[in-house]
Amino acid sequence: MPTVRDATFDVLRLHGLTTMFANPGSTEVPFLTDLPEDLHFVLALHEGSVVGAATGWAIARDEPALVLLHTTAGLGNAVGALATARANRAPLVVLVGQQDRRHLAQEPFLAGRLEGLAGDYPVSVAVPARAQDVPGAVGRAVHAARAGRGPALVIVPMDDWAEPAEDLPVPAPAVLRRATTADPAAVAEVAALAARARNPALVVGAGADSADTWAALTALAERLNCPVWQEPFGARAGFPQDHRLFAGHLPAARARLREALAPYDLLLVVAAPFLRQYPYGQGPLAGPGTRVAVVTDDPDEAHRAPADLAVVTPLPDFCDRLARRVPPRDGREPDHAPPPTGELAPHSEREAAEPLNSREAANVWEALDSRGASTVSGALNSPAGVDVPSVPDVLDAPRSADVLSVREALGSPGASTVSGALDSSAGVNVPSVPTALDAPRSAKALSAREGLGSPGASTVSGALSSPAGVDASSVSSASGGPSVPDALNPTTPPITSAEPTPPASPAVANSPGSGGPLRAAQVLAVLAGRLPVQTVIVEETPSSRPDLHALLPARRPLGFLSAAMGGLGFAMPAAVGLRMGQPRRPVVAVVGDGSSLYQIQSLWTAAHYGVGVVFVVLANGRYAIMDRLAEQHGGKAPWPAFGEVSVSGMAVALGCPARTVTRYPELLAALDEIVPTLYSRTEPVVLEVVVVPDPEFRP
């Protein structure tokens with residue numbers, strides 16, 4: 001007779017959950033012993049690594065991942081990673097082992113009070129009343145994880161697995177469909193606001209990181225001919241950051257945020273909270289003359305938004321319809337037409353989206369002027385007789401000339417990082433560009449990065465003025481990687497095995513102080529000149545993040561990933577799971593040495609299962625960001641440096657190949673050896689690059 005275990009395996013197979021990430025204990029032995037061959041077990045050496053790797057897998061495949069945890073100790077160790085998974089909107093089905101049901105009343109050894117242990121971070125927690133209820137609870141957890149975009153827990157006593165299953169249908173649907181089309185009336189409201197605005201801007205967030213939404217937002221931005229900003233502390237990129245309309249990353253400090261947003265009378269915030277901050281600051285997020293419309297598929301994100309209008313909707317279809325609905329701002333057609341409807345939604349019959357006329361746009365805009373109106377419904381039916389004035393070019397965000405000026409300003413004394421240049425007294429006035437520079441748009445920009453090889457260029461300093469002997473055409477072709485048709489779709493065929501040819505290394509004579517210490521920005525610049533465009537950068541280097549954003553833009557969906565919650569210990573295991581989920585896509589984790597120590601155990605998993613992630617560890621021997629924050633707080637930090645810690649030594653002890661890099665020529669040689677293998681490598685490697693601490697931090 002089939003057991004509860006057998007029935008649960010069938011539910012897992014039905015939903016494609018045939019790979020489980022685990023660090024089991026005795027309460028999981030009855031479930032795991034003689035595991036069927038079609039179910040794959042992945043061991044990690046700490047529960048943070050278990051959940052982190054599963055999170056990377058779920059994000060890479062855009063589907064739930066299966067996690068198995070061991071009662072109180074396992075779930076307790078995993079709570080921080082589960083919170084990060086929730087913030088990163090990663091669907092997880094988490095089975096938590098419990099002591100034998102038959103003596104739980106006596107609280108035996110290893111019994112756990114598990115139901116509330118993870119707090120509010122799970123999207124659901126199920127405690128089946130009977131053993132026979134377990135398969136249905138697992139099926140419902142799959143749907144809850146998908147709908148809530150987070151971890152769904154099922155707590156299972158260890159003796160339940162051997163109990164006989166009921167010969168009844170599982171009380172959970174085998175297939176669950178959700179609507180993917182947007183409300184035309186909501187599209188019309190937002191389109192009217194956009195059409196009426198004189199100086200609009202888009203602000204995009206992590207929730208827009210998909211090929212369909214990128215395509216729709218690109219069409220919308222070109223239709224509006226307006227700048228596109230990335231949300232502060234975005235965990236993923238919501239727009240191609242090498243596009244001509246990409247303006248940069250918004251700052252997380254409130255005063256600087258207001259300054260950056262001051263030119264705009266309308267902010268259309270898509271798939272992002274409005275707007276996540278880090279240090280508290282006085283005053284509103286945007287100025288009094290700026291209207292805010294939030295478009296998201298996350299109800300909680302909409303509910304807490306201080307916005308004039310918020311719309312909860314499926315994003316790809318809404319953005320596609322909106323791009324078709326708004327008129328071109330200057331009378332010109334966009335660079336390319338929006339993609340055909342069939343590419344963005346399975347629904348072939350949708351009403352024609354005619355651009356709004358001036359009267360419709362004015363009605364909706366003026367409806368928001370009366371602060372008593374909670375919605376703008378009906379505004380399109382009340383004539384106002386107001387024509388939309390002609391709209392000038394509103395690209396107030398800095399373009400290439402401004403960016404060159406800012407980069408050159410980095411050569412000024414005291415401007416030791418990218419963000420620091422913006423406050424330097426070099427005579428550059430760039431109030432609307434807080435912490436990030438214009439994304440690199442050409443081979444010349446990549447050559448400029450190599451220009452950090454020039455003597456004295458300790459950060460992203462006047463690199464554009466010293467080409468460092470790099471042939472632009474070779475840089476351009478190298479960064480493009482092999483020809484990859486739709487490499488970003490997890491369901492596409494495997495990527496070709498052809499490897500990119502890295503650009504020629506600049507002569508050592510022109511390198512930054514061949515005998516001097518490296519800076520983080522120099523390491524990032526060398527990476528930028530070599531990595532193919534399909535590379536996923538998994539980031540956890542807080543003190544160097546502004547420079548990373550400036551030098552390593554996301555040029556493809558899922559080109560950038562970090563912990564949405566900010567907690568350390570995410571990047572290493574997430575990179576492992578991501579590469580396992582998309583084994584033919586290059587994955588490079590850029591982490592600080594302090595960050596690496598939180599889940600360095602994940603290197604064993606990468607080595608044991610042959611996961612070809614490249615881990616670039618920027619080792620400054622201290623918690624540099626904490627040092628900078630203590631300085632900003634006006635005092636001295638009590639915590640010591642930890643320069644005696646060897647990340648490469650620990651990596652080797654965990655079975656992962658590693659090397660230590662201390663000089664620029666060593667860095668070039670290592671990357672020139674490793675980069676051509678990024679697509680096909682089946683062995684991880686750690687590059688521990690010794691760098692001097694960044695002297696400032698501006699979020």
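Here is a short report on the structure shown in this document. (Residues numbered from 1 in each chain as written. Predicted model: local features only at pLDDT ≥ 70, side-chain atom pairs only at ≥ 80, totals over all residues. Heavy atoms only, no water.)

## Describing the overall build of the protein chain
Now for step 1: When its secondary structure is counted, the protein chain shows 23 helices and 19 strands.
Now for step 2: Classification of the 699 residues of the protein chain by burial places 58% in the buried group.
Now for step 3: Partitioning the intrachain contacts of the protein chain with sequence separation of at least 6 by distance along the chain shows that 77% fall at a separation of at least 24.
Now for step 4: Summed over all atoms, the accessible surface of the protein chain reaches about 26,200 Å², with 54% contributed by carbon and sulfur. (Helix = DSSP H or I, 4+ residues; strand = E, 2+ residues; numbered from the N terminus. Buried < 20%, exposed > 50% of the residue type's maximum accessible area, 1.4 Å probe, protein only. Contact = heavy atoms within 4.5 Å. Areas by Shrake-Rupley, 256 points an atom, 1.4 Å probe, with all protein chains shown as cover.)

## Describing the pairing of strand 4 (residues 92–98)
Along any regular strand the residues' side chains alternate between the sheet's two faces.
Now for step 1: In terms of burial, strand 4 is largely enclosed, as seven of its seven residues are buried.
Now for step 2: Of the two faces of strand 4, the one lined by Leu92, Val94, Val96 and Gln98 and the one lined by Val93, Leu95 and Gly97 are each fully buried.
Now for step 3: With six bridges connecting them, strand 3 (residues 65–70) and strand 4 associate as parallel partners. Within the sheet, the bridge partner assigned to Leu66 lies in strand 4 and is Val93.
Now for step 4: As for the winding sense of the linkage, the β-α-β connection from strand 3 through helix 4 (residues 71–87) to strand 4 is right-handed.
Now for step 5: Alignment of strand 4 against strand 6 (residues 151–157), held across seven bridges, turns out to be parallel. In the sheet register, Val96 faces strand 6, and the bridge partner there is Ile155. (Pairing = 2+ DSSP bridges. Right-handed = clockwise from strand over helix to strand, strands pointing away.)

## Examining the sheet that holds strand 5 (residues 124–126)
Now for step 1: Overall, parallel pairing links the six strands, which are arranged 2-1-3-4-6-5 in an open sheet. A strand with exactly one partner marks an edge of an open sheet, and here the two such strands are strand 2 (40–43) and strand 5. Averaged over all pairs of adjacent strands, the angle between strand axes in this sheet comes to 25°, irrespective of strand direction.
Now for step 2: When strand 5 meets strand 6, the two strands line up parallel, connected through three bridges. (Axes fitted to C-alpha atoms, helices over the stretch in contact; angles between N-to-C directions.)

## Brief notes about the nonpolar core
Now for step 1: Membership of the largest hydrophobic core comes to 56 residues, with the highest contact counts inside it found for Leu92, Leu603 and Phe615.
Now for step 2: The element contributing the most residues to this core is helix 3 (residues 47–61), with eight residues. (Core = buried A, V, L, I, M, F, W, Y, C linked by side-chain atoms within 4.5 Å.)

## Quick word on the sheet that holds strand 10 (residues 266–270)
Now for step 1: Spatial ordering of the open sheet is given by 9-8-7-10-11-12, a layout of six strands whose pairing is parallel. Edge positions in the sheet fall to strand 9 (246–249) and strand 12 (309–312), since each has one partner strand and no second. Taken pair by pair, the neighbouring strands of this sheet meet at an average axis angle of 20°, ignoring direction.
Now for step 2: In this fold helix 6 (residues 184–196) packs onto strand 10, strand 11 (291–296) and strand 12, with an angle of close to 140° to the strand it touches most, strand 12.
Now for step 3: Contacts between helix 7 (residues 211–224) and the sheet are confined to strand 7 (200–204), strand 8 (228–230) and strand 10, with strand 7 contributing the most and set at about 165° to the helix.

## Notes on the environment of Ala653
Now for step 1: Inspection of the secondary structure puts Ala653 in helix 22 (residues 647–653).
Now for step 2: Classification of Ala653 by relative accessible area gives exposed; the value is 69%.
Now for step 3: Between the C-alpha atom of Ala653 and that of Trp604, which follows or precedes it by 49 residues, the distance is 8.9 Å.

## Details of the packing of aromatic side chains
Now for step 1: For the structure on display, the rule yields five aromatic pairs.
Now for step 2: Here Phe9 and Phe31 contribute two aromatic rings whose centre-to-centre distance is 5.3 Å and whose plane-to-plane angle is 50°, an arrangement assigned as tilted. One end of the pair, Phe9, is in helix 1 (residues 4–14); the other, Phe31, is in helix 2 (residues 29–32), with 22 residues separating them in the sequence.
Now for step 3: Using a relative accessible area of 2% as the deciding quantity, one classes Phe9 as buried. (Phe/Tyr/Trp six-rings, centres within 6.5 Å; stacked < 30°, edge-to-face > 60°.)

## Side note on the environment of Arg196
Now for step 1: Locating Arg196 in the fold gives a position in helix 6.
Now for step 2: For Arg196, a relative accessible area of 17% gives the class buried.
Now for step 3: The spacing of Arg196 and Leu266 is 70 residues in sequence and 9.2 Å in space, taken between C-alpha atoms.

## Digging into the pattern of salt bridges
Now for step 1: All told, the structure shown has 18 salt bridges when counted by the stated rule.
Now for step 2: A salt bridge links Arg89 to Asp297; its shortest N-O distance comes to 3.0 Å. A residue pair is termed long-range when its members are at least 10 positions apart, and Arg89 in the loop between helix 4 and strand 4 and Asp297 in the loop between strand 11 and helix 9 (299–303) qualify at 208 residues.
Now for step 3: A salt bridge links Arg102 to Asp159; the nearest nitrogen and oxygen atoms lie 3.8 Å apart. Residue Arg102 is located in the loop between strand 4 and strand 5, and its partner Asp159 is located in the loop between strand 6 and helix 6; the two are separated by 57 residues in the primary sequence.
Now for step 4: On the basis of relative accessible area, Arg102 is assigned to the exposed category, the value being 70%.
Now for step 5: Given the relative accessible area of 12%, Asp159 is considered buried.
Now for step 6: One continuous salt-bridge network, built from bridges that share partners, spans Asp10, Arg13 and Asp38. (Salt bridge = Lys/Arg side-chain N within 4 Å of Asp/Glu carboxyl O.)

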